[in-house]
Amino acid sequence: MSTVPFVSAARLKEITDRYPTPFYLYDEKGLKENVRALQEAFSWNPGFREFFAVKATPNPFIMKLLGDCGCGYDCSSLTELMLSKAVGAKEGDIMFSSNDTPAEEFLYASEAGAVINLDDITHIGFLEETIGKIPRRISCRFNPGGIFQMSNGIMDNPGDAKYGMTRQQIAEAFRILKSKGAEEFGIHAFLASNTVTDEYYPRLAEILFRLAVELQNETGAKVCFINLSGGIGIPYRPEEKPCNIQAIGEGVHQAYDRILVPAGMGDISIFTELGRYITGPFGCLVTKAIHEKHIHKEYIGVDACACNLMRPAMYGAYHHITVMGKEDEPGDHKYDVVGSLCENNDKFAIDRMLPEIKTGDLLVIHDTGAHGFAMGYNYNGKLKSAELLLREDGSVELIRRAETPKDYFATFDSFPVYEKLSEDPCFS
Ligand SMILES: *Cc1c(COP(=O)(O)O)cnc(C)c1O
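Here the structure is a predicted model, which is why all the values come from computation and not from measurement.

Novice: Tell me about the overall build of the protein, and name the residues and values.
Specialist: When helices and strands are tallied, the protein shows 13 helices and 19 strands. What you see for the protein is a C-alpha radius of gyration of 23 Å, in line with the 22 Å of a compact globule of 428 residues. By principal-axis analysis of the C-alpha atoms, the protein measures approximately 70 × 55 × 40 Å. Counting over 428 residues, the protein shows a buried share of 53%. Sequence separation of at least 24 residues holds for 68% of the intrachain contacts in the protein that already meet a minimum separation of 6. Summed over all atoms, the accessible surface of the protein reaches about 18,600 Å², with 50% contributed by carbon and sulfur. Seen as two clouds, the 43 positive and the 60 negative side-chain charges of the protein have centres 1 Å apart.

This is the structure we're talking about:
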């Protein structure tokens, strides 16, 4: 699905004439179509809404674009809340699904009209002390423990995860919240990540729908929404098949009709907090080969590094690479494609069969639209790249400029060394 870049070699060359590599490029058309397909798959549920997981691609232009498509925002930090507010989020447009939450973030979320999703039962008292009340509409995060396994072997380990409340706690939390004035309840859970299967959401939905029926019976709390959170995956590898979002929506629909409707709870809204699935395939990292090195192995050194894209170094994640202009040439060279960090795990690909790469070639690193730029860092004093948006009309817009040394040194600005730095010819 994603082995063909969404931008042509010729167009990319034009773009790099104007914007130096490395940079992230996002595809407006693909993003919009993808969101529409998700909304279509859940259109059977009148209250359906996607709250885009801001952490995946925290860029206000991307967020605004998604907001204009009807998405809300899922936040878990102060700056994510600030960004969401700045791009126009109003009352109810933000889901605050945080954990280990600082008091000031609850306060900010409350003032921004976010729906607060409590990660722990002890946060009830903490929230009440912090904001002086219990909101009328509130959500609790559930963690069933144990191992969550699907038929194709994909699994995750909620029993080992720091998130959410136990079954007993969530019932107790509902009782307490109700006694303190909460009227509209939500249930949230995130039990497996990057699931490239149509089975995950329907399985999760079934668990949460049953829980909703039980909790409403046990506590009298009115469940208004069920938040399936993130976790739908994307095919990073060429041999993987993309999820069928229509089938996923239908699977959730069936569980809804089987469990919620007979319980008289057919008015519950379904929410999602997808990140990776929304933006992952519609962003790429564009980098240039700047060195060819022949030692015990063949290396191609590029001008991006793990600071621009951490996933390969951190998780050993596979990201497909296209050598632009050489799409039809045989992959008969085995390379490690590396960045410049003084860390041997700074490799975008290891033993990858690719066409012969020459210095100056442009490489597109696929499926980096989510958790790509966002996980960037500044190790070795490396600077974060620019982000560009390929508009539907084919034009390109700079949606974040690249960092400069001045940005990197900005936190020294109250120290004497700043004067020396600011006199350096490279300081700008
Ligand atoms: C990370 C996260 C998401 C998004 O996850 P994806 O894997 O990108 O879909 C959604 N909700 C919460 C609470 C998260 O922590």
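Novice: Lay out the site of the ligand with the relevant residues and their values.
Specialist: Lining the immediate environment of the ligand, one finds 14 residues, of which Lys55, Gly231, Glu273, Arg276 and His371 sit closest. Side-chain polar atom of Lys55 to an oxygen atom of the ligand: 2.7 Å apart, as the coordinates give it. Ser229 is positioned with one of its side-chain polar atoms (N or O) 3.1 Å from a nitrogen atom of the ligand. Relative to its unbound accessible area of 380 Å², the ligand is 90% covered by the protein chains. Given that more than half its atoms are within 2 Å of the pocket grid, the ligand belongs to the largest pocket. By residue class, the composition of the shell around the ligand is three nonpolar, six polar and five charged.

Novice: So what's going on with the domain arrangement of the protein? Residues and values would help.
Specialist: Looking at the protein, the domain boundaries give domain 1 (28–279) and domain 2 (281–412). Each partner contributes to the interface: domain 1 provides 24 residues, whereas domain 2 provides 21 residues. Both faces combined, the contact of domain 1 with domain 2 buries some 2,000 Å², and carbon together with sulfur accounts for 57% of it. Sorting the residues of domain 1 by area buried against domain 2 places Glu28, Phe61 and Tyr236 first, and these three jointly supply 31% of that buried surface. One can count two salt bridges joining domain 1 with domain 2. The residue Arg391 makes a salt bridge to Glu28 at a minimum N-O spacing of 3.1 Å. At the junction of domain 1 with domain 2, the criterion picks out 11 residue pairs in polar contact (both at pLDDT 80 or more). Elements represented by at least two residues in the side of domain 1 that touches domain 2 include exactly helix 2 (28–41), helix 3 (60–68) and helix 10 (276–279). When residues of the side of domain 1 that touches domain 2 are assigned to their parent elements, the largest contribution, six residues, is made by helix 2. Residues of the side of domain 1 that touches domain 2, tallied by class, amount to 12 nonpolar, six polar and six charged.

Novice: I'd like a rundown of helix 8 (residues 200–219), residues and numbers included.
Specialist: In an α-helix there are 3.6 residues to a turn, and that puts residues three or four apart on one side. Compared with an ideal rise of 1.5 Å per residue, which puts 20 residues at 28 Å, helix 8 spans 28 Å between its outermost C-alpha atoms and is within 8% of the ideal. Those residues of helix 8 that are buried lie in contact with strand 7 (148–149), helix 7 (167–179), strand 9 (184–188), strand 10 (223–227), helix 9 (245–260) and strand 11 (269–272).

Novice: Any details on a nonpolar patch on the surface? Residues and values, ideally.
Specialist: Together, Phe412, Phe415 and Val417 give the surface a local cluster of nonpolar side chains, amounting to about 270 Å² of exposed area. Tracing the chain through its elements places Phe415 in the loop between helix 12 (405–409) and helix 13 (417–422).

Novice: Tell me about the sheet that holds strand 5 (residues 115–118), and please be specific about residues and values.
Specialist: Ordered by their spatial adjacency, eight strands build a closed barrel running 2-3-4-5-6-9-10-11, and the pairing between neighbours is parallel. Ignoring strand direction, the axes of neighbouring strands in this sheet form an average angle of 25°. Sitting on the sheet, helix 8 is in contact with strand 9, strand 10 and strand 11, with an inclination near 155° to strand 10.

Novice: Tell me about unusual backbone geometry, residues and numbers included.
Specialist: Thr21 connects to Pro22 through a cis peptide bond whose omega is -5°. Mapped onto the secondary structure, Pro22 falls in the loop between helix 1 (9–18) and strand 1 (23–27). With a phi close to 55°, His371 is a non-glycine residue in the positive phi region. Here His371 is to be found in the loop between strand 17 (362–365) and strand 18 (386–390).

Calculation criteria
- Residues numbered from 1 in each chain as written.
- Predicted model: local features only at pLDDT ≥ 70, side-chain atom pairs only at ≥ 80, totals over all residues.
- Heavy atoms only, no water.
- Helix = DSSP H or I, 4+ residues; strand = E, 2+ residues; numbered from the N terminus.
- Rg over C-alpha atoms; globule rule 2.2 N^0.38 Å.
- Buried < 20%, exposed > 50% of the residue type's maximum accessible area, 1.4 Å probe, protein only.
- Contact = heavy atoms within 4.5 Å.
- Areas by Shrake-Rupley, 256 points an atom, 1.4 Å probe, with all protein chains shown as cover.
- Lys, Arg positive; Asp, Glu negative; His and termini not counted.
- Charge placed at Lys NZ, Arg CZ, Asp CG, Glu CD.
- Near = heavy atom within 4 Å.
- Polar contact = N/O pair within 3.5 Å; in protein donor to acceptor, adjacent residues only side chain to side chain.
- 1 Å grid on protein atoms, 1.4 Å probe; cavity = no way out; pocket = protein on both sides within 12 Å on 5 of 7 lines; lining within 4 Å.
- Sits in = over half its atoms within 2 Å of the grid points.
- Nonpolar A, V, L, I, M, F, W, Y, C, P; charged D, E, K, R; others polar.
- Domains from an automatic or database assignment.
- Buried area = accessible area lost by both parts, 1.4 Å probe.
- Salt bridge = Lys/Arg side-chain N within 4 Å of Asp/Glu carboxyl O.
- Expected span 1.5 Å × (residues − 1).
- Patch = residues over 30% accessible without salt bridge, like charges linked within 9 Å, V, L, I, M, F, W, Y side chains within 5 Å.
- Pairing = 2+ DSSP bridges.
- Axes fitted to C-alpha atoms, helices over the stretch in contact; angles between N-to-C directions.

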